[in-house]
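A structural walkthrough
Each chain, written out:
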Amino acid sequence: MGVLGAIEAGGTKFVCGVGNEQGEVFERVSFPTTKPEETMAQVISFFEQHKIEALGVGSFGPIDPIKSSPTYGHITTTPKPFWGGYNIIGKLKSHFQVPMSFDTDVNGAALGEYTWGAAKGLDSCIYITVGTGIGAGAVVSGQLIHGLSHPEMGHISVRRHPEDTYEGFCPYHGDCLEGIAAGPAISKRWGKQGIELPADHPAWEMEAYYLAQALVNYVLILSPQKIIMGGGVMKQEQLFPQVRAQLKKLLGGYVQHPSIMERVDEYVVYPELGDNAGICGALALAKLAKEEAKIELGLN
């Protein structure tokens, strides 16, 4: 059984690891995300110590994951200094001649939960992370969703909470979902970080209202068999019951499925892979790259 490489490329830190096709991570390192030259030198140094058969990269975005595109493998319009337009896959391919798969960190996490976690054995799922930003990835009919590019479900429009006067912080859209419901929005609206607010603070009812609206849209458009919610904000355990209740309320009985009507506690869940969702997602992308390479060579 060969060794797979995984990169969770975050805007704050990079996590690199090696593991196997069962989702087990044998070794990992992490370091701050600085300039590309410095960060990628550390990435390359780590993987030069391991004989990997394939490499998966789950990256902060926006990115270009479309293999037929001239900018495939690039980070594109990110506000992260120095990284806009950077060809991360090109850099990796200049050092490692192995199959690679490149996608958003949330698409990777969705694939990881589908392969080994909360959505194992199902046909579809959505993974949404709520932290410094908001992003979501989806697996439908066993396949990651791509189109013109990758989904940007964290930037959808939602209705304003009637008591919310905060203008939103997204530099592109102002009060999109990320702009009014990500961690920085909570801090700027209430003057304290979410972790400092008590469980019965009105912040959480407002947060649940916004997140549940997003889930309503995802349910109505994609009809996923499982919704998995991770990220730092979702570690506030009081959020889950409120989000589930708001989801049912906002759907208004329109989607009459037992998973929502009777078993919503099992439908909207925390990642089974926990804090490993990101690195295991990248490992799942490496597994996918290896499988696709076998198909191309006619070995399957």
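For the structure, check the block above.
Analysis parameters
- Position numbers for residues count from 1 along each chain, tracking the sequence in the order it is written.
- This being a predicted model, a pLDDT of at least 70 is required before a residue's local features are given, and a value of 80 or more before pairs of side-chain atoms are given or counted; all residues contribute to the totals for chains, interfaces and linings.
- Only hydrogens and water are removed before side-chain values are computed, so all heavy atoms of the structure are retained for them.
- Pairing between strands is defined by DSSP: at least two bridges between them are needed.
- The way it works is that DSSP assigns letters per residue, a run of H or I at least four long becomes a helix, a run of E at least two long becomes a strand, and they are numbered from the N terminus.
- Throughout, an axis means a line fitted to C-alpha atoms (over the contacting stretch in the case of helices), and angles, computed between N-to-C directions, take values from 0 to 180 degrees.
- Working rule for contacts: check all heavy atoms of both residues, and any pair within 4.5 Å makes them a contact.
- Only protein chains enter the accessibility calculation, which uses a 1.4 Å probe; a residue is then buried when its area is under 20% of its type maximum, exposed when over 50%, and partly exposed in between.
- Whenever a carboxyl oxygen of Asp or Glu lies within 4 Å of a side-chain nitrogen of Lys or Arg, that contact is scored as a salt bridge.
- Residues are said to line a cavity or pocket when one of their atoms sits within 4 Å of a point; the points come from a 1 Å grid over protein atoms alone, cavities being sets where a 1.4 Å probe fits but cannot get out and pockets being open sets with protein on both sides within 12 Å along at least five of seven lines.
- Grid points are joined across faces, edges and corners, and a volume is the space filled by probe spheres set on the points.
- Any helix carries an expected span of 1.5 Å times its number of residues minus one.
- This arc is taken over the directions from the axis of the helix to the C-beta atoms.
- Throughout this description, the term nonpolar core refers to a set of buried Ala, Val, Leu, Ile, Met, Phe, Trp, Tyr and Cys residues connected via side-chain atoms within 4.5 Å.
- With respect to orientation, any angle under 35 degrees is reported as roughly parallel, any angle over 145 as roughly antiparallel, any angle of 65 to 115 as roughly perpendicular, and every other angle as oblique.
- The handedness criterion is simple: a crossing whose near helix is rotated anticlockwise from the far helix by less than a right angle is left-handed, and one whose near helix is rotated clockwise is right-handed.
- Put simply, Ala, Val, Leu, Ile, Met, Phe, Trp, Tyr, Cys and Pro go in the nonpolar bin, Asp, Glu, Lys and Arg in the charged bin, and everything else, Gly too, in the polar bin.

A short note on the sheet that holds strand 4 (residues 52-59)
Spatial ordering of the open sheet is given by 3-2-1-4-5, a layout of 5 strands whose pairing is mixed. Each having just a single partner strand, strand 3 (25-32) and strand 5 (100-104) make up the two edges of the open sheet. Strand-to-strand twist of the sheet, defined as the mean angle between neighbouring strand axes without regard to direction, takes the value 15°. Direction of pairing for strand 4 relative to strand 5: parallel, over a ladder of 5 bridges. Bridging from a neighbouring strand, serine 59 pairs with threonine 104 of strand 5. Strands strand 1 (3-9), strand 2 (13-19), strand 3 and strand 4 of the sheet are contacted by helix 1 (residues 36-47), whose axis makes an angle of about 10° with strand 2.

Focus on unusual backbone geometry
The residue after glycine 61, namely proline 62, is reached through a cis peptide bond having omega 0°. Tracing the chain through its elements places proline 62 in the loop between strand 4 and helix 2 (88-93). Non-glycine residue phenylalanine 82 carries a positive phi angle of around 80°. Relative to the helices and strands, phenylalanine 82 is located in the loop between strand 4 and helix 2. The backbone phi angle of serine 223 is positive, close to 50°, even though this residue is not glycine. Mapping serine 223 onto the fold places it in the loop between helix 6 (202-222) and strand 9 (227-230). Looking at serine 223, the relative accessible area reads 52%, which means it is exposed.

Some details on the pairing of strand 7 (residues 134-140)
When you tally the buried positions in strand 7, you get 6 out of 7 residues, the bulk of the element. As paired strands, strand 6 (residues 125-130) and strand 7 are joined by 6 bridges and run antiparallel to one another. When the sheet's bridge partners are listed, tyrosine 127 is paired in strand 7 with glycine 137. Between strand 6 and strand 7, which pair antiparallel in sequence order, lie 3 residues. By the bridge criterion, 2 bridges tie strand 7 to strand 8 (residues 143-144) in an arrangement that is antiparallel.

With respect to the pattern of salt bridges
One pass over the full model with this rule turns up 8 salt bridges. Linking lysine 290 and glutamate 53 is a salt bridge whose minimum nitrogen-to-oxygen distance equals 2.7 Å. With lysine 290 in helix 10 (residues 277-296) and glutamate 53 in strand 4, this residue pair connects regions lying 237 residues apart in the sequence. Its relative accessible area of 13% is what places lysine 290 among the buried residues.

With respect to the sheet that holds strand 6
Here 5 strands make up an open sheet; going across it, the order is 8-7-6-9-10 and the pairing mixed. Strands with a single pairing partner mark the edges of an open sheet, and in this sheet they are strand 8 and strand 10 (268-269). Lying over the sheet, helix 6 contacts strand 6, strand 7, strand 9 and strand 10, oriented at roughly 155° with respect to strand 6.

Thoughts on the layout of surface pockets
Where empty space is left becomes clear once a probe the size of a water molecule has been rolled over the atoms. Put simply, the second largest pocket is a space of about 390 Å³. If you trace the second largest pocket, you find 21 residues lining it, with Leu111, Gln143, Leu144, Leu288 and Glu292 closest to the centre. Of all elements in the fold, only strand 5, helix 3 (105-116), strand 8 and helix 10 reach the threshold of two or more residues within the lining of the second largest pocket. Counting residues per element, the lining of the second largest pocket draws most heavily on helix 10, which supplies 6 residues.

Concerning the side chain of glutamine 213
With respect to the element layout, glutamine 213 can be found in helix 6. Every residue in contact with glutamine 213, bar those within four places of it in the chain, is listed here: Val158, Arg159 and Leu250.

Digging into helix 1
The end-to-end C-alpha distance of helix 1, which contains 12 residues, comes to 16 Å, matching closely the 16 Å that a straight helix rising 1.5 Å per residue would cover. Looking only at helix 1, the buried set comprises Pro36, Thr39, Met40, Val43, Ile44, Phe46 and Phe47. One side of helix 1 holds all its buried residues, which, seen down the axis, span an arc of 160°. In this structure, the buried residues of helix 1 make contact with strand 1, strand 2, strand 3, strand 4 and helix 2.

As for the nonpolar core
With 41 residues, the main nonpolar core has Leu177, Leu211, Tyr218, Met229 and Val268 as its most contacted residues. Top element by residues in this core is helix 6. It accounts for 12 residues. In this view, leucine 177 contacts Ile134, Met153, Gly154, Ile156, Val158, Ala182, Tyr210, Leu211, Ala214 and Tyr218; residues no more than four positions away in its chain are not counted. Within the second largest apolar cluster, 27 residues are counted, among which are Phe46, Val57, Ile89 and Met100.

Some thoughts on the packing of helix 5 (residues 183-190) against helix 6
Relative orientation of the contacting elements helix 5 and helix 6 amounts to 140°, with a least axis distance of 12 Å. Taken together, helix 5 and helix 6 sit at an angle that is classed as oblique. Both helix 5 and helix 6 take part in a crossing whose hand is right-handed. Together, Ile186, Arg189 and Trp190 of helix 5 and Pro202, Ala203, Trp204, Met206, Glu207 and Tyr210 of helix 6 make up the contact between the two elements. Residues of the contact of helix 5 with helix 6, tallied by class, amount to 7 nonpolar, no polar and 2 charged.

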